[in-house]
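Overview (structure and organization)
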Amino acid sequence: MSKPIIAITCRSMERGDDPLGRLVLDRKYTDRVQEAGGIPIIIPPDTEVEALAGLIDGLIIPGGDDLDAGLWGEPNHPDVKNEDPRRTQTELRFLRALPKATPVLGICYGCQLINVAHGGSLIQHLPDRLGDDRHRGDSWQRYQVDVQSRLGKIIGDHAEGKSWHQQAVDRVGEQLRVTAHHEDGTIEALESIEDRWLVGVQWHPERSEDSAATPLLFAAFIAACAEYRRARLGEAVNA
């Protein structure tokens, strides 16, 4: 059986005088995919993702800067640092173009993007809601997980991981449900209510190597991608 091909979108960042002159992706994303048995490919902003949608076996939308609040009809908070809009629009097009059965994993910004793509909104600056900035700085946190959810069946009733975000899910998008919370009430994971592998986590499992949830989550995602690949290509299970 051939390995599943996993698309991972990436960021544009400054290089010299060019504000978007570098493509950047933390290597930990590709490391986790390879450890779990997948083959990662990196997708830059402005890629013609519609041409790729039927050729890949899974999509990871990784962390990034903040989402433009104009996407859900609000002005941006003064502390918001917007992600490159070309990246965001490429990912939104990718989500629309993918066959519905394609597994998708969103991480931090990626979790937020999944929610916004489904008509949801975000808390723009958590310190305004919580009175502190506890979710930034790679803080080690614990999350309560719904054991009846897809995520809960993968990792159990809790997860631990590193957190670095000032935005978080507020109004939950259509066809999504919340599956994990921080003790302060912050939404930490969501997933599709439909029969599809669409999961978003607000923490950073790719760089939470000491968390028991990390290998379980990536193994389950890659297994789902492998199953989708077999169905997509008509491969025999024992080929």
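Conventions used here
Residues numbered from 1 in each chain as written. Predicted model: local features only at pLDDT ≥ 70, side-chain atom pairs only at ≥ 80, totals over all residues. Heavy atoms only, no water. Pairing = 2+ DSSP bridges. Helix = DSSP H or I, 4+ residues; strand = E, 2+ residues; numbered from the N terminus. Axes fitted to C-alpha atoms, helices over the stretch in contact; angles between N-to-C directions. Contact = heavy atoms within 4.5 Å. Salt bridge = Lys/Arg side-chain N within 4 Å of Asp/Glu carboxyl O. Buried < 20%, exposed > 50% of the residue type's maximum accessible area, 1.4 Å probe, protein only. Parallel < 35°, antiparallel > 145°, perpendicular 65-115°, else oblique. Left-handed = near helix turned anticlockwise from the far one by under 90°. Nonpolar A, V, L, I, M, F, W, Y, C, P; charged D, E, K, R; others polar. 1 Å grid on protein atoms, 1.4 Å probe; cavity = no way out; pocket = protein on both sides within 12 Å on 5 of 7 lines; lining within 4 Å. Points joined across faces, edges and corners; volume = space filled by probe spheres on them.

1. Quick word on the sheet that holds strand 12 (residues 187-192)
Pairing in this open sheet of 9 strands is mixed, and the strands run 4-1-5-6-13-12-11-8-9 from one edge to the other. Each of the sheet's edge strands pairs with one partner strand only, and the pair in question is strand 4 (39-43) and strand 9 (158-163). Between one strand and the next, the sheet's axes are offset by a mean angle of 25 degrees, whatever the strand orientation. Pairing of strand 11 (residues 176-182) with strand 12, which is carried by 5 bridges, proceeds in the antiparallel orientation. Looking across to strand 12, one finds that Val178 is bridged to Leu190. Sitting on the sheet, helix 3 (residues 85-97) touches strand 1 (5-9), strand 4, strand 5 (58-61) and strand 6 (104-107), and the angle it makes with strand 5 is about 150 degrees.

2. Observations concerning the pattern of salt bridges
Inspection of the entire model under this criterion finds 22 salt bridges. Of the charged contacts, one joins Asp57 and Arg229 as a salt bridge, the two residues approaching to 2.9 Å between their closest N and O atoms. With Asp57 in the loop between helix 2 (49-52) and strand 5 and Arg229 in helix 7 (residues 213-233), this pair connects stretches of sequence that are 172 residues apart. Taking the relative accessible area as the measure of exposure, Asp57 reaches 0% and is therefore buried. Judged by relative accessible area, which is 11%, Arg229 ranks as buried. Here Arg136 and Asp133 are joined by a salt bridge, their closest N and O atoms 3.0 Å apart. According to the relative accessible area criterion, Arg136 is partly exposed, its value standing at 30%.

3. Some details on the packing of helix 3 against helix 4 (residues 109-117)
Two elements in contact, helix 3 and helix 4, have axes whose closest approach is 11 Å; the angle formed by their N-to-C orientations is 60 degrees. One way to sum up the angle between helix 3 and helix 4 is to call them oblique. Where helix 3 crosses over helix 4, the two elements pack in a sense that is right-handed. Packed against helix 3, whose contacting residues are Arg87, Thr88, Glu91, Leu92 and Leu95, the element helix 4 presents Tyr109, Leu113 and Ala117 at the interface. Its residues placed into classes, the contact of helix 3 with helix 4 shows 5 nonpolar, 1 polar and 2 charged.

4. Describing the environment of Ile155
With respect to the secondary-structure elements, Ile155 resides in helix 6 (residues 150-155). Excluding its chain neighbours within four sequence positions, the residues that come into contact with Ile155 are Val145, Trp203, Ala213, Leu216 and Leu217.

5. Overview of the layout of surface pockets
Its boundaries defined by the atoms lining it, the largest pocket holds a volume of some 480 Å³. Arg11, Gly63, Gly64, Asp65 and Trp164 are the residues nearest the centre of the largest pocket, which is lined by 23 residues in total. When residues of the lining of the largest pocket are traced back to their parent elements, those giving at least two are strand 2 (11-15) and helix 4. Residues belonging to the lining of the largest pocket are distributed by class as follows: 8 nonpolar, 7 polar and 8 charged. As a volume, the second largest pocket reaches approximately 230 Å³. The class makeup of the residues in the lining of the second largest pocket is 6 nonpolar, no polar and 5 charged.

The values reported here are purely geometric and, on their own, carry no functional implication.
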